[in-house]
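# Survey of secondary and tertiary structure
Spelled out, the chains give:
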Amino acid sequence: MKEYSIEEVSHIVRPQLGEDIPLTLYRILRVIGMRKILGETSGATLYMMGKQVGSMVGAKDLGEFEEKIKELKVGIPEVQVIDEDHVIVKLYECITCAGFVYTGEMFCDMESGIIAGLLEGVFKKKAKSTQTKSWSVGYNFCEFEIILY
Ligand SMILES: [Zn+2]
C-alpha cells in the first residue's frame, strides 16, 4: 500500500467548496465511524495515528507547537512546562470534544497523539500523553499530561 505525504494530500482542487469541511462531518467520522469500526482498540489506534501526524507536521519549539495546533484547528493550546520531563497542555475549543455533553468517558486520543508527536520534535525526547480532562467529563476545555523520557 502506497504511503502519501502531507504535500500530496494538501493538493486540493475544489473551486466551489474550498478546503474547509463542516466540523460535524469530521466528528461523525472520528467519534462515530472510527469508534464503531475499531471498537475497543480505537483509543490506541487513534493515538498512534495522531502521533504519526504530529511527527510528520513537526515543531521546532513551543512557539511553533502552538502555531501548528492552531493552524490545524485542533484547538487553542496553553502549554505549562512543569519540569524537564513533565508538560501540561490545556486545549481550548478542542476539535473533537468542545461543546460535547457529559458522557463520563474521554476520547480525544488523536489530539493526545498529535500533541505527543509534536512535543517529541520540540524536546527531542520520547513523549507519552494522557488525557486528564475533557468536555465529555464536565470541563469546558481539554487537558493532557505529557511525560518526556
Ligand atoms: Zn478534546
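In what follows, the structure referred to is the one given above.
So, here is what we can say about the structure in this document.

Turning our attention to the pairing of strand β2 (residues 86-92). Judged by how many residues are buried, β2 sits mostly within the fold: five of seven residues are covered. Hairpin remark: strand β1 (residues 76-83) followed by β2, antiparallel, with two residues in the connecting loop. Here six bridges tie β2 to strand β4 (residues 142-148), and the two strands are oriented antiparallel to one another. Paired with Val89 across the two strands is Phe144, which belongs to β4.

So, on to the pattern of salt bridges. Counted according to the given criterion, the structure contains seven salt bridges. Of the charged contacts, one joins Lys2 and Glu8 as a salt bridge, the two residues approaching to 3.8 Å between their closest N and O atoms. One salt bridge in this structure joins Glu111 and Arg30, with 3.5 Å as the shortest N-O distance. Residue Glu111 is found in helix α5 (residues 109-123), and its partner Arg30 is found in helix α2 (residues 23-38); the two are separated by 81 residues along the sequence. Considered together, Glu111 and Arg30 belong to a single accessibility category, that of buried residues. A cluster of three or more residues bridged by salt bridges with shared partners is formed by Lys90, Lys133 and Glu143.

Thresholds applied
Residues numbered from 1 in each chain as written. Predicted model: local features only at pLDDT ≥ 70, side-chain atom pairs only at ≥ 80, totals over all residues. Heavy atoms only, no water. Buried < 20%, exposed > 50% of the residue type's maximum accessible area, 1.4 Å probe, protein only. Helix = DSSP H or I, 4+ residues; strand = E, 2+ residues; numbered from the N terminus. Pairing = 2+ DSSP bridges. Salt bridge = Lys/Arg side-chain N within 4 Å of Asp/Glu carboxyl O.

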